[in-house]
Amino acid sequence: MTETKLTKDEINAKMRELKDWVHQSPGVPENFDMLLKMYPFEDFKNAKEFVDKVSEIAEASGHYPGINFTVSYVQVLVWTPDLNGLTEKDFKLAKEIDELDQPAMEKENFIG
């Protein structure tokens, strides 16, 4: 089945199904839609363990998020690079990550 890029209206409707994710269009290098979620951690070991769990989900689904992490947070970015946007597959991956039940950083702390 070929993935198709979701429209703005479809994205807005699907955002209501997610917990604490942010929809953004970074504009670098192109203006495309992505999902972003930040998770706070008290130490590097726990952050890495969470990254490993997200990696297992990604491997099982065959769809890979961007992940950045430090001692105090993990940033997860989800989009479909081939389409420079969001697809059903992205929202499915975000929901699977949510099932890890890891508390998210408050949005005010990571978006301007």
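### Topic: a nonpolar patch on the surface
Part 1: Together, Phe-44, Phe-69 and Val-71 make up an exposed nonpolar region whose accessible area comes to about 260 Å².
Part 2: Positionally, Phe-69 belongs in strand S3 (residues 66–69).

### A look at helix H3 (residues 88–98)
Part 1: Taken together, the buried positions of H3 are Asp-90, Phe-91, Leu-93, Ala-94, Ile-97 and Asp-98. For H3, the angular spread of the buried residues around the axis is 160 degrees, confining them to a single face.
Part 2: Considering only its buried residues, H3 is in contact with helix H1 (8–15), strand S2 (34–40), helix H2 (44–61) and strand S4 (73–78).

### Points about the packing of aromatic side chains
Part 1: Taken as a whole and judged by the stated rule, the model has four aromatic pairs.
Part 2: Seen in terms of ring centroids, Phe-32 and Trp-79 are 5.8 Å apart; in terms of plane orientation they differ by 35 degrees. Their pairing is tilted. Here Phe-32 is found in the loop between strand S1 (22–24) and S2, whereas its partner Trp-79 is found in the loop between S4 and H3, with 47 residues between them in sequence.
Part 3: A residue is classified by how much of its surface remains accessible, and Phe-32, at 8% relative accessible area, is buried.

Criteria and cut-off values
- Residues numbered from 1 in each chain as written.
- Predicted model: local features only at pLDDT ≥ 70, side-chain atom pairs only at ≥ 80, totals over all residues.
- Heavy atoms only, no water.
- Patch = residues over 30% accessible without salt bridge, like charges linked within 9 Å, V, L, I, M, F, W, Y side chains within 5 Å.
- Areas by Shrake-Rupley, 256 points an atom, 1.4 Å probe, with all protein chains shown as cover.
- Salt bridge = Lys/Arg side-chain N within 4 Å of Asp/Glu carboxyl O.
- Helix = DSSP H or I, 4+ residues; strand = E, 2+ residues; numbered from the N terminus.
- Buried < 20%, exposed > 50% of the residue type's maximum accessible area, 1.4 Å probe, protein only.
- Arc of directions from axis to C-beta.
- Contact = heavy atoms within 4.5 Å.
- Phe/Tyr/Trp six-rings, centres within 6.5 Å; stacked < 30°, edge-to-face > 60°.

This is a description of form; function is not addressed.
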